[in-house]
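Commentary on secondary and tertiary structure
Take a look at the letters that make up each chain.
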Amino acid sequence: MEKKDFLFLYERFKNYWPLLLLAVVGSVLESASLAGLAYIIKNVVDDVFVAKDYDKLVFVIIFLISVAVLKQVGTFLKSYIYPLVIYKALRVLREEIYRKLLRAHPSVFRKSPVGDLISRATTDVERFGEISQTIGINIVTETLTVAGIVGLLIYRDWKLFLIFLFAVPLLALALNYFGEKRKKYSKKMQESFSDYIQHLNQVISGIEIVKLFKESVVFKLFENINQQLYHRQKKNRFYDVVYLSSVEVIAYTATAGIIFYGGVRIINGEITAGDFFSFLGGVLILVNSLQTLQRGAINLKALSPVVDRILFMLNLPEEEDKGKKFEGLKKEIIYRNVSLKIGETEILKNINLNIKKGEKLGIIGLTGSGKSTLVKILPALITEYEGEVLIDGTELREFSVFSLREKIGMVSQEVFIFNDTLRNNLLIAKPDATDEELIEALKKAKANFVFRLENGLDTVLGEKGSRLSGGERQRIALARIFLKDPDILIIDEATSALDVETEEYVMEEIRKHFSDRTVLMITHRLKLLEIADRVVVMENGQIVEQGSKDELMKRKGVFYRFSTISNR
């Protein structure tokens, strides 16, 4: 086991040492019982079967029942308490990973596939639990059993024990070779599970698109992923089974040698039948314990890549709650020479823009012009920009990201709805909101449809809001904004699925409610720009025009061409 793996296990289980100690007690009881069973065989054969001693028969029966009870007590403590410790550790581990995902830097989700993150947070965590159950206390039990049985075998007949020792180097070779193979294919198998989950996540998320096009292409991709997973599972299992078979062949060969040599010594009168059968019983227990030990050692090697994948999640870069607290916009926001490049793609190019407190700024441009990226910088959803974004003279990155998001609200075209109640989907905006406040926010968003739902605020909305239409989901998102009541509001095509009448009503409510607030509004619908004090036109990551709607129309530049196309 590598040092990092040991430290990981120590950190996971160190808080549960009283329970682990109890499980170890169970292991001691179980191991002692097995050694006792091997020891009593001599009395059964020599004193009962050969000497026909009734009193010894009664003693043996009482001893066997006592050992059986003791073994079951030990087995219960080991088989219940230790898994309980694992379940506790997994619960905490899942919480830590979930918290890491919530607090992870936004760049993580642009660099890592969602399916891979889900796989690490689910499949790898469960795999860690499975491997932990095959090692841990089992290793303690079998180590104690091996120690006890080896002592018994040497006590019974050290000459016979020497024969068994010849098998040890061969067992070590098998462990080393097959252990490395299991480590290799365990890592590959976890990677294949990650690819599998990632593919399923993509297909389920885009199932409507898949159905509208050639699903045979998607199925071909799945077949390749599935075939690779099968191949790696097959290899992993192959080396596991061949390893166990090789261990059994070695063990039974050694046992055969012991039976032959022991038989010769019984014939020559050097040992009794009881001595031999006691020794042979101990050997069989020892072989089983060694197999379990070596399988645990093999699994320890398979544990290493699983730990690596989990550590990746636990070491995700987090957003830190440090810096100056943002108390709200007092004067202005200034973008100064702001550029952004993601990979080889230049998203923003030398942006210079001033936004006054209380100003209503419209932002338009063709798809891919950088509009959404421009506004996502403000709530620190994108931080890798060059240049400066100054809020009342303080660079954006000097503020605490959490205090920024407290004062900035954003609603976009893509609405996220939990598979939970309408109430809980609204309370994420304001956890202490009363029912009256929730209803008022829904009315402002013209989400009157919710009052017809069978359970009202306690109606479950389905996966991604599957019970709602696109326009209904957008109105839920707008209601969240009215609840949050931010100092700076960002609207990114948030009314695209609304009908004209509803859109005009909602925008009027926004205009009145946020009359003294700063609003940045991205839209393709030019009519909505009527509430804008100024319009910024973007093209290829740059601001190419800005001014009032009427001024831009008179210039007959990019905005004019855009409006002409939009009105066709």
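Described in the following lines is the structure provided in the data block.

Rules used throughout
Residues numbered from 1 in each chain as written. Predicted model: local features only at pLDDT ≥ 70, side-chain atom pairs only at ≥ 80, totals over all residues. Heavy atoms only, no water. Phe/Tyr/Trp six-rings, centres within 6.5 Å; stacked < 30°, edge-to-face > 60°. Helix = DSSP H or I, 4+ residues; strand = E, 2+ residues; numbered from the N terminus. Buried < 20%, exposed > 50% of the residue type's maximum accessible area, 1.4 Å probe, protein only. Lys NZ or Arg CZ within 6 Å of the ring centre and 35° of its normal. Pairing = 2+ DSSP bridges. Core = buried A, V, L, I, M, F, W, Y, C linked by side-chain atoms within 4.5 Å. Contact = heavy atoms within 4.5 Å. Salt bridge = Lys/Arg side-chain N within 4 Å of Asp/Glu carboxyl O. Axes fitted to C-alpha atoms, helices over the stretch in contact; angles between N-to-C directions. Parallel < 35°, antiparallel > 145°, perpendicular 65-115°, else oblique. Left-handed = near helix turned anticlockwise from the far one by under 90°. Nonpolar A, V, L, I, M, F, W, Y, C, P; charged D, E, K, R; others polar. Lys, Arg positive; Asp, Glu negative; His and termini not counted. Polar contact = N/O pair within 3.5 Å; in protein donor to acceptor, adjacent residues only side chain to side chain.

If you walk through the whole model with that rule in mind, you get six aromatic pairs. Between Phe8 and Phe128 the ring centres are 5.2 Å apart and the planes differ by 75°, which places this aromatic pair in the edge-to-face class. Remark: Phe128 occurs in helix α6 (residues 123-134) and Phe8 occurs in helix α1 (residues 3-13); sequence separation between them is 120 residues. In terms of burial, Phe8 and Phe128 fall into one category: buried. An aromatic cluster is present here, built from Phe8, Phe13 and Phe128 joined pairwise through their rings. Here Arg120 stacks its cationic end above the ring of Phe312, 4.2 Å away from the centre of that ring. Positioned above the aromatic ring of Tyr385, the side-chain terminus of Arg397 is 3.8 Å from the ring centre.

In terms of residue burial, strand β3 (residues 360-365) counts as a mostly covered element, since six of its six residues are buried. By the alternation rule, side chains of β3 split into Lys360, Gly362 and Ile364 and Leu361, Ile363 and Gly365, which are all buried. Note: β3 against strand β8 (residues 518-522), four bridges, orientation parallel. The residue of β8 that forms the bridge with Lys360 is Val519. Note that β3 and strand β9 (residues 534-539) share five bridges and pair parallel. Paired with Gly362 across the bridge in β9 is Val535.

Moving on, we come to the nonpolar core. Among the nonpolar cores identified, the biggest contains 46 residues, and Leu422, Leu426, Leu442, Ile476, Ile491 and Ile510 are the most heavily contacted of them. When contributions to this core are tallied by element, the ones reaching two or more residues are α14 (422-427), α15 (435-444), α16 (470-484), β7 (488-492), α17 (500-513), β8, β9 and α19 (558-566). In terms of residues, this core owes the most to one element, α16, which gives seven residues. Once residues within four sequence positions are removed from consideration, Leu442 is found in contact with Leu422, Leu426, Ala447, Val450, Phe451, Leu457, Ile476 and Ala479.

Unlike most non-glycine residues, Asp392 shows phi in positive territory, near 50°. Locating Asp392 in the fold gives a position in the loop between β4 (386-391) and β5 (394-395). Positive phi, normally seen in glycine, also occurs at Asn540, with a value near 55°. Assignment of secondary structure puts Asn540 in the loop between β9 and β10 (542-547). Overall, the relative accessible area of 54% leaves Asn540 in the exposed class.

Here the focus is the sheet that holds β4. One open sheet accounts for four strands, arranged β2-β1-β4-β5; its pairing is antiparallel. A single partner strand is all that each edge strand has here, and the edge strands are β2 (345-356) and β5.

Under the defined criterion, the tally for this structure stands at 25 salt bridges. Its salt-bridge partner being Glu388, residue Arg336 comes within 3.3 Å of it at the nearest N-O pair. Here Arg336 is found in strand β1 (residues 332-342), whereas its partner Glu388 is found in strand β4, with 52 residues between them in sequence. Judged by relative accessible area, which is 37%, Arg336 ranks as partly exposed. You can call Glu388 partly exposed: its relative accessible area is 30%. With a closest N to O distance of 3.2 Å, Asp516 and Arg517 form a salt bridge. A single salt-bridge network, built from bridges that share partners, covers Asp116, Arg120, Asp124 and Arg309.

Here we come to the packing of α15 against α16. Between α15 and α16, the shortest axis-to-axis distance is 8 Å and the interhelical angle comes to 125°. Classified by the angle between their axes, α15 and α16 sit oblique to one another. Classified by chirality, the crossing of α16 by α15 is right-handed. Contacts from Glu437, Leu438, Ala441, Leu442 and Lys444 of α15 reach α16 at Ile476, Ala479, Phe482 and Leu483. Residue classes in the contact of α15 with α16 are distributed as seven nonpolar, no polar and two charged.

This brings us to the side chain of Glu493. Relative to the elements of secondary structure, Glu493 occurs in the loop between β7 and α17. Summary of buried charges: Glu493 has no salt-bridge partner, and the nearest side chain of opposite charge, Lys371, is 5.7 Å away. One polar contact links Glu493 to His524, side chain to side chain, over a distance of 2.4 Å. With residues up to four places along the chain from it excluded, the contact list for Glu493 reads Ser412, Gln413, Gln474, Ile522, Thr523 and His524.

As a further point, take the side chain of Glu319. Structurally, the position occupied by Glu319 is in the loop between α11 (273-314) and β1. Overall, Glu319 belongs to the buried group, its relative accessible area being 10%. Within the local environment of Glu319, its side chain forms a polar contact with the side chain of Arg405, the two groups lying 2.5 Å apart. Each residue touching Glu319, except ones within four places of it in the same chain, is listed here: Arg103, Ala104, His105, Pro106, Ala380, Val401, Phe402 and Arg405.

Before going further, it helps to examine the environment of Leu303. With respect to the helices and strands, Leu303 occurs in helix α11. Spatially, the C-alpha atom of Leu303 lies 9.8 Å from that of Glu130, the residues being 173 residues apart in sequence. The contacts of Leu303, once residues within four sequence positions are left out, are Leu9, Phe128, Ile131 and Ile135.

Any link to function would need more than the numbers given here.
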